[in-house]
Amino acid sequence: MPRKGMRSICFNPKTPSLSISRYGTATSSSPSSQRTTPASTPTRRQSLFPDSMMDQMIESAAVLIMKWDPESSSYAKVTSLFYESKVEAQQFIHCVNDLQKAMHFLVTEDSSSEKLILCQSLMQVAMKRLQKEFYQILSMNRAYLDPESVSTTRSSRASTRSSTSDYDDDGGATTDDEIRVASDSISEVEQVSSVAMDELKSIAECMISAGYAKECISIYKVIRKSIIDEGIYRMGVEKLSSSQINKTDWDVIEMRIKNWLDAVKISMRTLFNGERILCDHVFSASDSIRESCFLDISKEGALLLFGFPELVAKSKKTPEKMFRILDMYNSIFENWPEIEAIFSYESTAVVRTQAFNSLVKLAEFVQAVLSDFESTIQKDSSKSVPAQGGGVHRLTIYVMNYLSLLADYSNILIDIFRDWTRPTNFSIPESFFDSSDSEDSPAPAMSLRVAWLILVLLCKLDGKAKQYNDVSLRYLFLANNLQHVIVKVRTSNLQYLLGEEWAAKQETIVKQFAETYEELGWGHVIAALKETNNNQTAVMTPGEAKTVFRNFNASFEEAYRKQRASVVPNQKLRDEIKVSLARKVVSSYKEFYETHRSRVGNEENEIRCYVKYTPEDVANYLSDLFFGVSESESSSASSSPSSSPRWRHWRIL
């Protein structure tokens, strides 16, 4: 809807039916009130607004207005009316209001009367005075009208008004006692701020009512816009272009982002919030004026503030930028209710739109980087042995560290990946997603996205495991890496996204990998004794006993030589594998050793020739495994377990 000029809107009353003079006399300017009456009956003008009262009103206004005319008094030129005498300042406002009422009345009676011309002249003088006072209050109280003080003052005034009101029911000011009670409850800064706000409001209402809104709001916009612009600049937010951001080192941009994050927090709590409060208070008499003022004051600074994330989001997409991008997204996301409340006007929708566009661009950045991250996992093409001794691969460490950090932003990632679905061109077991895709999951799409990335990692690791020549080491490698994944999930916010059921399923797979490793790596050692122990009824000859001991020695030494460099970094998994091997290998060997050692012979030398290890020796050698050895140790070691530098006693369970 087109807007009329400020002065025409404010000067022409919507309903000119009734006015109340400062003396309580009602006047009417509606056509119906000017009916002709018999000559013997006093007219409505004569009974309600006699010439003597009109003259007295104009004369009183003229005395006070001319006293503060800067053109006719050097005292008035250098002195502030509102600073010198607040009582007289209020009288001045009342005189101007009365003068305006007189002018409205005179217009209806005689638009060319000398009194009306005098009133118009006095009104011009009064408006110049108020215009100067308005400027002085804004300038002199700049420190007390800073957004933070204004925000605090509003809170204090709100709490104070629960017990005392700023105005009586008839529109009059509160009593001195009420003001004193209210003043005692707020600080000196808040008192000065509150008084200044009320003075600005009274001047603004007076000037707007008199048709001088343009002059009033022009001063207000110039001074208050400079505060917004200066505040934005001091917080380190500068106008940049996309090309400037692309040419600037990321370390510098990251520092600017940190400044921006602080700027948004301060802006929403104080800067823009305080300006909106002050603008609404000063121009409460006109919705259109306060909207226009706040728009012109805040638009440029707000667009600069909320346009910065969109520029950063258009820069080159790399994984290291992800977390700062998420910080910016989170900042806008958390402050969105304040953004909507402060910039609620239709004219300030452009600010809300800019903030929303930045959210969209930041979300697109996150989605693109995570897609690139997935591609990086799939394209990892290192040809060397993936990890010494079947340990945790560097890719696993990198991916899980990255995902665990991402999980700290799960609250906003849930919103960003709300509509994500897994690709259909990837052959995967449906059971892998059962728990993360369930209705009980707090964020099905985000849980699915994380589970998918982990699955891509595991599939890649499955291919890398084939680079080991020793098949048993492939399964130890898979067990180690999946165990690392589970530990990272359980010790980060990933556990809330993937759930206990997902982790439990993966632990079952780790156990399967470990069991397969034991079977492939130590199965022939166990087999060397298993058949003999199972045939308890057969009587073994000394020769057969020697053969079994000899076979066990050979198979044990071979297995130990191959597995001596194996690594199991996770203590829990390492202990579980050792306990399992001790039960299978040591227990079987101990049973055979105690039954058939005496059959080998009676001579000590003969026994040592065939029975090289006691059950305790075997247990100690097994307990020494999975810590890994250096390449020099591995190359200089003999095939005999006795060359191991470590001796650890392992209790046989």
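Residues numbered from 1 in each chain as written. Predicted model: local features only at pLDDT ≥ 70, side-chain atom pairs only at ≥ 80, totals over all residues. Heavy atoms only, no water.

**Q** Would you mind showing me how to read helix α23 (residues 542–563) here?
**A** For the α-helix, the turn length of 3.6 residues means that residues three or four positions removed from each other point alike. For α23, spanning 22 residues, the distance from its first C-alpha to its last is 31 Å, which sits close to the expected 32 Å at 1.5 Å a residue. Within α23, burial applies to A545, K546, V548, F549, F552, N553, S555, F556, E557, A559, Y560 and Q563. (Helix = DSSP H or I, 4+ residues; strand = E, 2+ residues; numbered from the N terminus. Expected span 1.5 Å × (residues − 1). Buried < 20%, exposed > 50% of the residue type's maximum accessible area, 1.4 Å probe, protein only.)

**Q** What's the story with unusual backbone geometry in this structure? I'm lost.
**A** Glycine aside, negative phi is the norm for most residues, and most peptide bonds take the trans geometry. A positive phi angle is found at F626, which is not glycine, with a value near 70 degrees. Within the fold, F626 resides in the loop between α26 (615–623) and α27 (631–636). For F626, a relative accessible area of 1% corresponds to the buried category.

**Q** I'm lost on the packing of aromatic side chains in this one. Help?
**A** Two aromatic rings, taken as a pair, are described by how far apart their centres are and by the angle between their planes. By the definition in use, this model includes 26 aromatic pairs. Summarising the aromatic geometry, the rings of F294 and Y345 are spaced 6.4 Å apart at their centres and angled 65 degrees between planes, so their arrangement reads as edge-to-face. Of this pair, F294 sits in helix α14 (residues 287–313) while Y345 sits in the loop between α16 (336–342) and α17 (349–379); the two residues are 51 residues apart in sequence, bridging distant segments of the chain. Exposure remark for F294: the relative accessible area of 0% places this residue in the buried category. Plain terms: the ring middles of F323 and Y409 are 6.1 Å apart, the flat faces sit at 35 degrees to each other, and that makes the pair tilted. With F323 in helix α15 (residues 322–334) and Y409 in the loop between α18 (394–407) and α19 (410–416), this pair connects stretches of sequence that are 86 residues apart. Y409 shares its class with F323; the two are buried. One aromatic cluster is present, formed by W522, F549, F552, F556, Y560, Y589, F592, Y593, Y613 and Y621 through successive ring pairs. The cationic tip of R276 hangs over the ring face of F294; the distance from NZ or CZ to the ring centre is 5.8 Å. Taking NZ or CZ as reference, R276 lies 4.0 Å from the ring centre of Y345, over its face. (Phe/Tyr/Trp six-rings, centres within 6.5 Å; stacked < 30°, edge-to-face > 60°. Lys NZ or Arg CZ within 6 Å of the ring centre and 35° of its normal.)

**Q** Would you mind going over the pattern of salt bridges with me for this structure?
**A** Side chains that differ in charge, positive against negative, can pair when their charged atoms come close. All chains considered together, the criterion is met by 28 salt bridges. A salt bridge links D229 to K225; the nearest nitrogen and oxygen atoms lie 2.7 Å apart. One end of the pair, D229, and the other, K225, are both in helix α11 (residues 213–234), four residues apart, so they sit about a helical turn from each other. Residue D229 is classed as partly exposed on the basis of its relative accessible area, which comes to 28%. On the accessibility criterion, K225 (21% relative accessible area) is partly exposed. The network of salt bridges with shared partners includes R142, E230 and R234. (Salt bridge = Lys/Arg side-chain N within 4 Å of Asp/Glu carboxyl O.)

**Q** Please clarify how the packing of α11 against helix α13 (residues 250–282) should be interpreted in this entry.
**A** Each pair of packed helices gets described by two things: the angle between the helix axes and the distance between those axes. Running from N to C, α11 and α13 cross one another at 175 degrees; their axes reach a closest spacing of 11 Å. The pairing of α11 with α13 is recorded here as roughly antiparallel in orientation. In this structure, α11 contributes Y220, R224, I227, I228, G231 and I232 to the contact, and α13 contributes S267, L271, F272, E275, L278, C279 and V282. Of the residues assigned to the contact of α11 with α13, the class counts are nine nonpolar, two polar and two charged. (Axes fitted to C-alpha atoms, helices over the stretch in contact; angles between N-to-C directions. Parallel < 35°, antiparallel > 145°, perpendicular 65-115°, else oblique. Contact = heavy atoms within 4.5 Å. Nonpolar A, V, L, I, M, F, W, Y, C, P; charged D, E, K, R; others polar.)

**Q** When you look at the environment of R564 in this model, what are you seeing that I'm missing?
**A** Mapping R564 onto the fold places it in the loop between α23 and α24 (571–596). Between the C-alpha atom of R564 and that of G628, which follows or precedes it by 64 residues, the distance is 6.7 Å.

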